[in-house]
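Take a look at the letters that make up each chain.
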Amino acid sequence: ATVRQLAAARRQLSDAKRDADQANEANERAQRELALMLKLDDGRDREPPAWTRKTPKAGKKHGTPWLLLSDLHLDEVVQPAEIGGVNAYNRKIAEHRLQATFTNAVDICRTYWSGIEYDGIVCALGGDNYSGDIHDELTQTNEDTILGSILHWTDRMASGIAMLADEFGKVHVPVVVGNHSRRSRKPRSKFRARDNFDWFTGHLLARQFAHDKRVTFDVAESADTTVDAYNRKVCLTHGDQTRGGGGIGGIWPPLMRLDARKRQRANAIGQPYDLLVMGHWHQLTWGPSFIVNGSLKGYDEYAKMGGFGYEPPRQALAIVTPERGIVQQMPVYA
């Protein structure tokens, strides 16, 4: 019995050492990744550029388009056989859809919204650029690791932003983080932005355009950021700070609660906003005081299992004028 007990104790000790080595390796890897992320930030607040709040002189009709890019879920794979063949998604399809979003947004502004002199364009990154690996099924089915995805997609996103700069002369890119691109399994409050790969991607893009004065970035350190829109304020957030949406009222009750809570807090601290812009819900919705974006991924297995309504892959585009605020809204089909 003593020999068996000794052998069992040795096996337990060996297992404990193996587990400790694996935990130490994971911790060191996490520390290296976080150190790399922290090096990207210079610690300075980035104020929105003056042109986003400058009121043009009387004469020609001026406006600023707002293109919302959120819930791209890049490198997630959606199998058509699992959702009745109504959609498919992978890296190749996502490349086509991302390019189509940029080119179609330009086409809408130049063809459908003619007769307006554009002062620039705001390209808001509203989070969930990647599906990430917060669920085991995503880790098993994604096209690449999260770091591989960042390496692949940052240049392609930069190409789209550069095209907007060529077309509109000036581009402002506010960035907030989503829930899917976080590094932790559970959502967190502290270091919510800095521990998220959407934040990391925002800083990588900002570095790529560091010498291009046409393009400015505001990579938020919190869940929200506020952008000037002439004499109005727009609050950009991801939209995952509320729950619900499965009842007869759909997503409207949680959206109204989220907007009401945020407005109450913003007014209490003297930072009111006029319009709330968000993603997360994958249902393009034009509310009375908010805009909810669609998704680039489109219908997926999660939506089918949840019994959610079908929606094609699309993103939101709106034009803001000094006189009236938002005067035109149009989906950009990908």
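Refer to the structure printed above.
Here the residue numbers are simple positions, counted from 1 along each chain's written sequence. Since the coordinates come from a predicted model, pLDDT governs what is reported: local features require at least 70, and pairs of side-chain atoms require 80 or more to be given and counted, while whole-chain, interface and lining totals use all residues. To obtain the side-chain values, all non-hydrogen atoms of the structure were used and water was disregarded.

1. Describing the nonpolar core
- Nonpolar cores are built from buried Ala, Val, Leu, Ile, Met, Phe, Trp, Tyr and Cys residues. Side-chain atoms within 4.5 Å join them into one set. Remark: exposure states derive from per-residue accessible area (1.4 Å probe, protein chains only) relative to the maximum for the residue type, with buried under 20%, exposed over 50%, and partly exposed in between. Within the largest apolar cluster, 49 residues are counted, with the highest numbers of intra-cluster contacts made by Leu 67, Leu 74, Leu 164, Val 171 and Phe 217.
- Strands are runs of DSSP state E lasting at least 2 residues, helices are runs of H or I lasting at least 4, and numbering of each runs from the N terminus. Elements supplying a minimum of two residues to this core: strand S1 (62-69), helix H2 (91-112), strand S3 (121-125), helix H4 (146-168), strand S4 (171-175), helix H5 (197-208), strand S5 (215-219) and strand S11 (314-321).
- With 9 residues, the single largest contributor to this core is H4.
- Note on contacts: a residue pair is in contact if any heavy atoms of the two residues lie within 4.5 Å. Not counting chain neighbours up to four residues away, the residues in contact with Val 171 comprise Trp 51, Ile 121, Cys 123, Ile 161, Leu 164, Ala 165, Arg 214, Val 215 and Thr 216.

2. Regarding helix H6 (residues 252-268)
- Across its 17 residues, H6 extends 24 Å between first and last C-alpha, which sits within 8% of the 24 Å expected from 1.5 Å per residue.
- By the burial criterion, the buried members of H6 are Pro 254, Leu 255, Leu 258, Asp 259, Lys 262 and Ala 266. Down the axis of H6, the smallest arc covering the buried residues is 130°, so these residues share one side. Residues of H6 that are exposed and point over 90 degrees away from its buried face: Gln 264, Asn 267 and Ala 268.
- Along its buried surface, H6 packs onto strand S8 (275-278) and strand S10 (290-292).
- One or two steps after H6, the chain reaches Gly 270, where phi turns positive at roughly 75°. To estimate the expected span of a helix, subtract one from its residue number and multiply by 1.5 Å. Within this analysis, the arc is defined by the directions that extend from the helix axis to the C-beta atoms.

3. Thoughts on the sheet that holds strand S7 (residues 232-236)
- DSSP calls a pair of strands paired once it identifies at least 2 bridges connecting them. An order of S6-S7-S8-S10-S9 is seen for the 5 strands of this open sheet, with the pairing classed as mixed. Two strands close off the open sheet at either side, each with one partner strand: strand S6 (225-229) and strand S9 (285-286).
- Of the pairings in the sheet, the one linking S6 to S7 comprises 5 bridges and is antiparallel in character. Across the sheet, Val 227 pairs through a bridge with Val 234, a residue of S7.

4. A word on unusual backbone geometry
- Of note, His 73 is a non-glycine position whose phi angle comes to about 50°, a positive value.
- Within the secondary structure, His 73 sits in the loop between S1 and H2.
- By relative accessible area, which is 1% here, His 73 ends up buried.
- In this structure, His 282 is a non-glycine residue whose phi angle is positive, near 60°.
- Within the fold, His 282 resides in the loop between S8 and S9.

5. Looking at the side chain of Thr 52
- Relative to the elements of secondary structure, Thr 52 occurs in the loop between helix H1 (2-39) and S1.
- If sequence neighbours within four positions are ignored, Thr 52 has contacts with His 172, Asp 228, Ala 229 and Tyr 230.

6. Points about the environment of Ala 266
- Its location among the elements puts Ala 266 in helix H6.
- Taking C-alpha positions, Ala 266 is 41 Å from Lys 92, a pair spaced 174 residues apart along the chain.
- In this structure, Ala 266 is in contact with Gln 271, Pro 272 and Tyr 273, ignoring residues within four places of it in sequence.

7. Regarding the pattern of salt bridges
- Each salt bridge in this description consists of a side-chain nitrogen of Lys or Arg and a carboxyl oxygen of Asp or Glu lying within 4 Å of one another. According to the stated counting rule, one finds 19 salt bridges in the structure shown.
- The closest approach of N and O atoms between Arg 91 and Asp 144, which form a salt bridge, is 3.4 Å. Placement of Arg 91 in helix H2 and of Asp 144 in the loop between helix H3 (136-141) and H4 is noted, with a sequence separation of 53 residues between them.
- When its relative accessible area of 31% is taken as the criterion, Asp 144 is described as partly exposed.
- Between Arg 183 and Asp 195 there is a salt bridge, with its nearest N and O atoms 2.7 Å apart.

8. So, the packing of H4 against H5
- Between H4 and H5, whose axes approach to 10 Å, the crossing angle comes to 45°. Comparing the axis directions of H4 and H5 gives the class oblique. When the axes of H4 and H5 are compared, the crossing they make is right-handed. Seen from H4, the contacting residues are Ile 146, Leu 147, Ile 150, Thr 154, Asp 155, Met 157, Ala 158 and Ile 161; seen from H5, they are Phe 197, Phe 200, Thr 201, Leu 204, Leu 205 and Gln 208.
- Among the residues making up the contact of H4 with H5, the classes are represented as 10 nonpolar, 3 polar and 1 charged. Simply put, an axis is a line fit to the C-alpha atoms, just over the touching stretch for a helix, and the angle between two N-to-C directions goes from 0 to 180 degrees. Relative orientations are named as follows: roughly parallel for angles under 35 degrees, roughly antiparallel for angles over 145 degrees, roughly perpendicular for angles from 65 to 115 degrees, and oblique for any other angle. Each crossing gets its handedness from the near helix: less than a right angle anticlockwise from the far helix is left-handed, clockwise is right-handed. Each residue is assigned to one of three groups, with Ala, Val, Leu, Ile, Met, Phe, Trp, Tyr, Cys and Pro labelled nonpolar, Asp, Glu, Lys and Arg labelled charged, and all others, Gly among them, labelled polar.

9. With respect to the packing of H2 against H4
- Packing of H2 against H4 brings their axes to within 11 Å, and their N-to-C directions diverge by 15°. Relative to H4, H2 is oriented roughly parallel. The way H2 lies across H4 gives a crossing that is right-handed. On H4, the residues touching Arg 91, Ala 94, Glu 95, Leu 98, Phe 102, Thr 103, Val 106, Cys 109 and Arg 110 of H2 are Gly 148, Ser 149, His 152, Trp 153, Arg 156, Met 157, Gly 160, Ile 161, Met 163, Leu 164, Glu 167 and Phe 168.
- Here the residues of the contact of H2 with H4 are counted per class, giving 11 nonpolar, 5 polar and 5 charged.

Taken by themselves, the reported measurements are silent on function.
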